[in-house]
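For reference, the chains in residue letters:
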2 protein chains.
Amino acid sequence: MIKLTKTFAALADPTRLRMVERLMGEGELPAGDLVSDFEMSGPAISRHLKVLREAGLVSQRAVGTHRYYAVRPEAMRAISNWTMDHRAFWAESLDRLDSLLALDPEED
Amino acid sequence: MIKLTKTFAALADPTRLRMVERLMGEGELPAGDLVSDFEMSGPAISRHLKVLREAGLVSQRAVGTHRYYAVRPEAMRAISNWTMDHRAFWAESLDRLDSLLALDPEED
DNA sequence: CCGTTATTTAACATTTACGTTAAATAACGA
DNA sequence: TCGTTATTTAACGTAAATGTTAAATAACGG
């Protein structure tokens, strides 16, 4: 089960957020490819990847000495589901507007 | 402008996540109402609210000595938008399934 | 087997986060 | 004005996060 606070904590760091975005855009990548993206030591990147992994945000696949990382769709879906669970709150005014425009143009 | 890493950091703490959820469910509440929710001192709650405020997640309204807090829909929308921006990645298989079921039942 | 490459783990320093209690502010009502 | 209530700020201790360099692992290709 995905713990939402863990997921959010993992994405709360700019380096990790960028990693996740790159992985979503390009798909699975080896750790080394991510190292060259950032002005940061290899070990630092490795630990960020570990945080992402432990949060369930990425998967790791070994091929020879390479470790391929990829974002786990379930994790992203969990965030999306959470926002959708509360959609009634945050989309309230937009919904009302939609309704008024689309269905119910009765008030002034 | 809402900084996504700040938003995620704010939601990365279980106490703050619960606060936000309660505020979304019940709407605007004074700080004191939130204090009684948690086994934690008033000052601790106050600081959590400050973190949420500085992240742009909640608004504060003063009425007498009370401070009413409410979740800012824009912040939630920002998260939702981010997930939607990457929907092509995480909803990929579901989309494909949807498409196949709905539109294009041509393959085996 | 050996040197090279890819990546992680260990050890360490520094900053940030978070909780506590005590004190400060500010509005309220007698 | 004074004591009470609501909330925040200050001061402090401790734990967690993050970066660094050095060392450990492990697969690769001669």
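Details of the structure are given in the entry above.
Residues numbered from 1 in each chain as written. Chains lettered and ligands numbered in written order. Predicted model: local features only at pLDDT ≥ 70, side-chain atom pairs only at ≥ 80, totals over all residues. Heavy atoms only, no water.

1. Overview of the protein's contact with DNA strand D
Moving on, step 1. Around DNA strand D, the structure places 21 residues, and the nearest of them are Ser41, Arg47 and His48 of chain A together with Gly32 and Tyr69 of chain B.
Moving on, step 2. What you see for DNA strand D is that sugar and phosphate hold 64% of its atoms within 4 Å of the protein.
Moving on, step 3. Here a base nitrogen of DNA strand D sits 2.5 Å away from a polar atom, N or O, in the side chain of Arg47 of chain A.
Moving on, step 4. The contact in question runs from a phosphate oxygen of DNA strand D to an N or O atom on the backbone of Ala31 of chain B, over 3.5 Å.
Moving on, step 5. Mapped onto the surface near DNA strand D, the elements with two or more residues apiece are helix H4 (42-54) of chain A together with helix H3 (31-35), helix H4 (42-54) and strand S3 (66-71) of chain B.
Moving on, step 6. At four residues, the largest contribution of residues to the surface near DNA strand D is made by H4 of chain A. (Near = heavy atom within 4 Å. Polar contact = N/O pair within 3.5 Å; in protein donor to acceptor, adjacent residues only side chain to side chain. Helix = DSSP H or I, 4+ residues; strand = E, 2+ residues; numbered from the N terminus.)

2. Section: the relation of the copies chain A and chain B
Moving on, step 1. Expressed as a screw operation, the relation of chain A to chain B combines 0.0 Å of axial shift with a rotation of 180°, fitting to an RMSD of 0.0 Å. Taken together, the rotation and translation describe the operation of a two-fold axis. Considering only C-alpha atoms, the residue of chain A closest to the rotation axis is Phe8 of chain A, which sits at 2.4 Å.
Moving on, step 2. Most of the interface of chain A is mirrored in chain B, where 100% of its interface residues are also at the interface. (Least-squares fit on C-alpha atoms with pLDDT ≥ 70 in both. Contact = heavy atoms within 4.5 Å.)

3. Let's talk about the pairing of S3 of chain B
All names here are of chain B.
Moving on, step 1. With two bridges connecting them, strand S1 (residues 29-30) and S3 associate as antiparallel partners. If you follow Leu29 over to S3, its bridge partner there is Tyr69.
Moving on, step 2. Alignment of strand S2 (residues 58-63) against S3, held across six bridges, turns out to be antiparallel. The residue of S3 that forms the bridge with Arg61 is Tyr68. (Pairing = 2+ DSSP bridges.)

4. Looking at the protein's contact with DNA strand C
Moving on, step 1. Neighbouring DNA strand C are 21 residues; Gly32, Ser46 and Tyr69 of chain A together with Arg47 and His48 of chain B lie closest to it.
Moving on, step 2. For DNA strand C, the backbone portion of the atoms within 4 Å of the protein, that is sugar and phosphate, comes to 64%.
Moving on, step 3. Asp13 of chain B is positioned with one of its side-chain polar atoms (N or O) 3.4 Å from a phosphate oxygen of DNA strand C.
Moving on, step 4. Within the side chain of Arg47 of chain B, a nitrogen or oxygen atom sits 2.4 Å from a base nitrogen of DNA strand C.
Moving on, step 5. Where the surface near DNA strand C is concerned, the elements lending two or more residues are helix H3 (31-35), H4 and strand S3 (66-71) of chain A together with H4 of chain B.
Moving on, step 6. Per-element accounting of the surface near DNA strand C gives the leading share, four residues, to H4 of chain B.
Moving on, step 7. Here the surface near DNA strand C is built from residues that sort into seven nonpolar, 10 polar and four charged. (Nonpolar A, V, L, I, M, F, W, Y, C, P; charged D, E, K, R; others polar.)

5. Observations concerning the sheet that holds strand S1 (residues 29-30) of chain A
Residue and element names in this part refer to chain A.
Moving on, step 1. Here three strands make up an open sheet; going across it, the order is S1-S3-S2 and the pairing antiparallel. Because the sheet does not close on itself, it has two edges, and the strands there are S1 and strand S2 (58-63).
Moving on, step 2. Taken strand by strand, helix H2 (residues 14-26) contacts S1, S2 and S3, and its axis lies near 90° from that of S3. (Axes fitted to C-alpha atoms, helices over the stretch in contact; angles between N-to-C directions.)

6. Notes on the packing of H2 of chain A against H4 of chain A
Residues and elements named next belong to chain A.
Moving on, step 1. Taken N-terminus to C-terminus, the directions of H2 and H4 make an angle of 75°; their axes are 10 Å apart at the nearest point. Taken together, the axis directions place H2 and H4 in an arrangement best described as roughly perpendicular. Every residue of H4 that contacts H2 at Thr15, Arg16, Met19 and Val20 is listed here: Ile45, His48, Leu49, Val51 and Leu52.
Moving on, step 2. Classifying every residue of the contact of H2 with H4 by side-chain character gives six nonpolar, two polar and one charged. (Parallel < 35°, antiparallel > 145°, perpendicular 65-115°, else oblique.)

7. Topic: H4 of chain A
All names here are of chain A.
Moving on, step 1. With 13 residues, H4 extends 18 Å from end C-alpha to end C-alpha; this agrees with the ideal 18 Å at 1.5 Å per step.
Moving on, step 2. Those residues of H4 lying buried are Ile45, His48, Leu49 and Leu52. End-on, the buried residues of H4 take up no more than an arc of 100°, which puts them together on one face. Summarising the geometry of H4, the exposed residues directed more than 90 degrees from the buried face are Pro43, Arg47 and Glu54.
Moving on, step 3. Those residues of H4 that are buried are in contact with helix H1 (4-11), H2, H3, S2 and S3.
Moving on, step 4. Downstream of H4 by a residue or two, Gly56 has a phi angle that is positive, lying close to 80°. (Expected span 1.5 Å × (residues − 1). Buried < 20%, exposed > 50% of the residue type's maximum accessible area, 1.4 Å probe, protein only. Arc of directions from axis to C-beta.)

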